[in-house]
Amino acid sequence: MKKVLFVASEAVPFIKTGGLADVVGSLPKCFDKEYFDVRVMIPKYMCIKEKWRYEMTYINHFYMDYLGQSRYVGILQYVQDGITFYFIDNEAYFSGDKPYGDWFYDLEKFSFFCQAALSSLPVIGFQPDVVHCHDWQTGLIPVYLKDRFRGGEFFRNMKSVITIHNLKFQGVWDVKTIQRFSGLPDYYFAPDKLEAYKDGNMLKGGIVFADAITTVSQTYAEEIKMPFYGEGLDGLMRARAGSLRGIVNGIDYDDFNPATDRFIAQPYNIKNFRKEKAKNKRDLQEHVGLPADDKKFLVGIVSRLTDQKGLDLIQGVMDELCSEDMQLIVLGTGDERYENMFRHYDWKYHDRVSAQIYYSEELSHKIYAGCDAFLMPSLFEPCGLSQLMALRYGTVPIVRETGGLKDTVQPYNEYEGTGTGFSFANYNAHEMLDSVRYAKFVYYERKREWNKIIDRAMAQDFSWQTSAMKYQELYDWLIGY
Ligand code: ADP
Ligand code: GLC
């Protein structure tokens, strides 16, 4: 049996701020259980809902020297769908009402987490063959596995993989600070290791020292070798190109299933969506206070409201976008600038725009099910899960051709009768507007064609099956057969 440990900063169903949590929580279930024992380790945040925290079982604890003090490290466990999740407990570090907040404190917190995670393995007696790290929060782990944790027998042959979910966030501060938090010697703070542009960089450490690097789509794997998407690390990505591969994300096909979804008013499937899907549209319109109208073209957005998601394109053409023959519903939180922009348009065009500025799993499902189209004009998108959810629910995605959006949405071709959505290439508000207008035209004027796009969208398979195999191959290759 091959043993793999996922270490990450979030995982569904316990704690989620974005797609990282969906991946870390849903992928481990999809490995071949006969050959792979995959477990997950995340911090035990105080903001994890009580219902989960109270059901965790305490396993053990120890004290670890960190920043000149002896610190408590508790280990708890919860088994969910046959997968063991471990939680690293330290109330001082993991309190607060969200997992991240203050940049500086987060660096200290996740440096602590990386050291605590590895130190806890001998204590719980789980010796993974591969430690699979995710994003900058776990970037120090591959470094430690080549350094201070290498001495003993226990860690000697442990391999590491790092998956880049978003290259924009790297865990950067001045060298002195990162050196203090990580406890690594001077040797590591050179431009070929953890130093980048004279600062200390935790993700860079992970990328330099991991045995393999993956990112969450093939297109993003290519894009990050170029300056525009490389976030300053494109040179490193080119240098490590031989160890980098893109494996596209999937989604949990049980949690996101229009035929069984408990959050939506009317279950439906690929055979009966023509009749049944509209009931979800009406329910959604009533739910958010838009005029109930089966015929009106209803576009949805579910997103973190940040620059990454292309919201300045939307802002640039909002008046043109919100024409009389369209309704727009937005669910999201993030930058105040965008939150207020959508609130303003909700006020200005109250019968066409609905801004729901909060987090709600339930409403997100109602939007995936109830809308006609889903808008995601991202500036960059490592993979994107929302468009996969939209496809699954037959809600036609309108996307920019970047990263995973390019790999998962096939543009509609009216001559060949192919495609699962609409897309545009350049980061340009009017190109986006043209795509929305084209989609609207097909919706109103070519209804049969529109329904065929839905047919093709719902027939796609973005479950984890294929991608889980690719991770398995990677683990096999790293461990040796
Ligand atoms: P990212 O990870 O960059 O935020 P993804 O598309 O990969 O983008 O994943 C976003 C995930 O977060 C999806 O599951 C989406 O439904 C969910 N999500 C984003 N904002 C909200 C919100 N306000 N309420 C509920 N779910 C949300
Ligand atoms: C990141 C990316 C998103 C990706 C998700 C899960 O948050 O922004 O594109 O789908 O990670 O890999």
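Each remark here, short or long, concerns the structure printed above.
Residues numbered from 1 in each chain as written. Chains lettered and ligands numbered in written order. Predicted model: local features only at pLDDT ≥ 70, side-chain atom pairs only at ≥ 80, totals over all residues. Heavy atoms only, no water.

1. Some points on the packing of helix 11 (residues 273-288) against helix 15 (residues 361-370)
Then step 1. Packing of helix 11 against helix 15 brings their axes to within 8 Å, and their N-to-C directions diverge by 135 degrees. Between helix 11 and helix 15, the angle falls in the class oblique. Where helix 11 crosses over helix 15, the two elements pack in a sense that is left-handed. Of the residues in helix 15, those touching helix 11 at Lys277, Asn280, Lys281, Asp283, Leu284, His287 and Val288 are Leu363, Lys366, Ile367, Tyr368, Ala369 and Gly370. (Axes fitted to C-alpha atoms, helices over the stretch in contact; angles between N-to-C directions. Helix = DSSP H or I, 4+ residues; strand = E, 2+ residues; numbered from the N terminus. Parallel < 35°, antiparallel > 145°, perpendicular 65-115°, else oblique. Left-handed = near helix turned anticlockwise from the far one by under 90°. Contact = heavy atoms within 4.5 Å.)

2. Quick word on the site of ligand 2
Then step 1. The full set close to ligand 2 counts 14 residues, and His165, Asn249, Gln308, Glu381 and Gly384 are the nearest of them.
Then step 2. Within the side chain of asparagine 249, an N or O atom sits 2.8 Å from an oxygen atom of ligand 2.
Then step 3. Calculation on ligand 2 without its partners gives an accessible area of 310 Å², and the protein chains cover 93% of this total.
Then step 4. At three residues, the largest contribution of residues to the shell around ligand 2 is made by helix 1 (residues 19-26).
Then step 5. The class makeup of the residues in the shell around ligand 2 is six nonpolar, six polar and two charged. (Near = heavy atom within 4 Å. Polar contact = N/O pair within 3.5 Å; in protein donor to acceptor, adjacent residues only side chain to side chain. Areas by Shrake-Rupley, 256 points an atom, 1.4 Å probe, with all protein chains shown as cover. Nonpolar A, V, L, I, M, F, W, Y, C, P; charged D, E, K, R; others polar.)

3. Quick look at the sheet that holds strand 8 (residues 172-174)
Then step 1. The antiparallel open sheet is built from three strands, whose spatial order is 8-10-9. With partners counted over all chains shown, the strands left at the sheet margins are strand 8 and strand 9 (195-196), one partner each.
Then step 2. Note: strand 9 against strand 10 (residues 199-201), two bridges, orientation antiparallel. For glutamate 195, the partnering residue across the bridge sits in strand 10 and is glycine 200.
Then step 3. Across the sheet, helix 6 (residues 175-182) touches strand 8, strand 9 and strand 10, and the angle it forms with strand 8 is around 110 degrees. (Pairing = 2+ DSSP bridges.)

4. A look at the site of ligand 1
Then step 1. Neighbouring ligand 1 are 22 residues; Gly19, Arg304, Lys309, Tyr368 and Leu385 lie closest to it.
Then step 2. Contact distances for ligand 1 include 2.8 Å between an oxygen atom and a side-chain N or O atom of lysine 309.
Then step 3. Tyrosine 358 is positioned such that a nitrogen or oxygen atom in its backbone is 2.9 Å from a nitrogen atom of ligand 1.
Then step 4. When the free accessible area of ligand 1 is taken as 570 Å², the share hidden by the protein chains comes to 93%.
Then step 5. Of all elements in the fold, only helix 1, strand 13 (297-305), strand 14 (326-334), helix 15 and helix 16 (386-392) reach the threshold of two or more residues within the shell around ligand 1.
Then step 6. If you tally residues by element for the shell around ligand 1, the top one is strand 13, at three residues.

5. Structural notes on the pairing of strand 7 (residues 159-164)
Then step 1. Taken across its six residues, strand 7 has five buried, putting it largely inside the fold.
Then step 2. Here strand 6 (residues 130-134) pairs with strand 7 via five bridges, running parallel. Bridge pairing in strand 7 places valine 131 opposite serine 160.
Then step 3. Here strand 7 pairs with strand 11 (residues 212-215) via four bridges, running parallel. (Buried < 20%, exposed > 50% of the residue type's maximum accessible area, 1.4 Å probe, protein only.)

6. Focus: the sheet that holds strand 18 (residues 422-424)
Then step 1. One open sheet holds the six strands; their spatial order is 15-14-13-16-17-18, and the pairing between them is parallel. At either end of the open sheet lies a strand with only one pairing partner, and these are strand 15 (353-356) and strand 18. The mean inter-strand angle of the sheet, taken between neighbouring strand axes irrespective of direction, is 15 degrees.
Then step 2. Strand direction decides the pairing type here: strand 13 and strand 14, joined by nine bridges, are parallel. Residue valine 302 lies in a different strand from strand 14, and its bridge partner there is leucine 331.
Then step 3. Sheet strands touched by helix 15: strand 13, strand 14, strand 15 and strand 16 (373-376). Its angle to strand 13, the strand with the most contacts, is close to 145 degrees.

Note that every value here comes from positions in space, so none of it alone points to a role or purpose.
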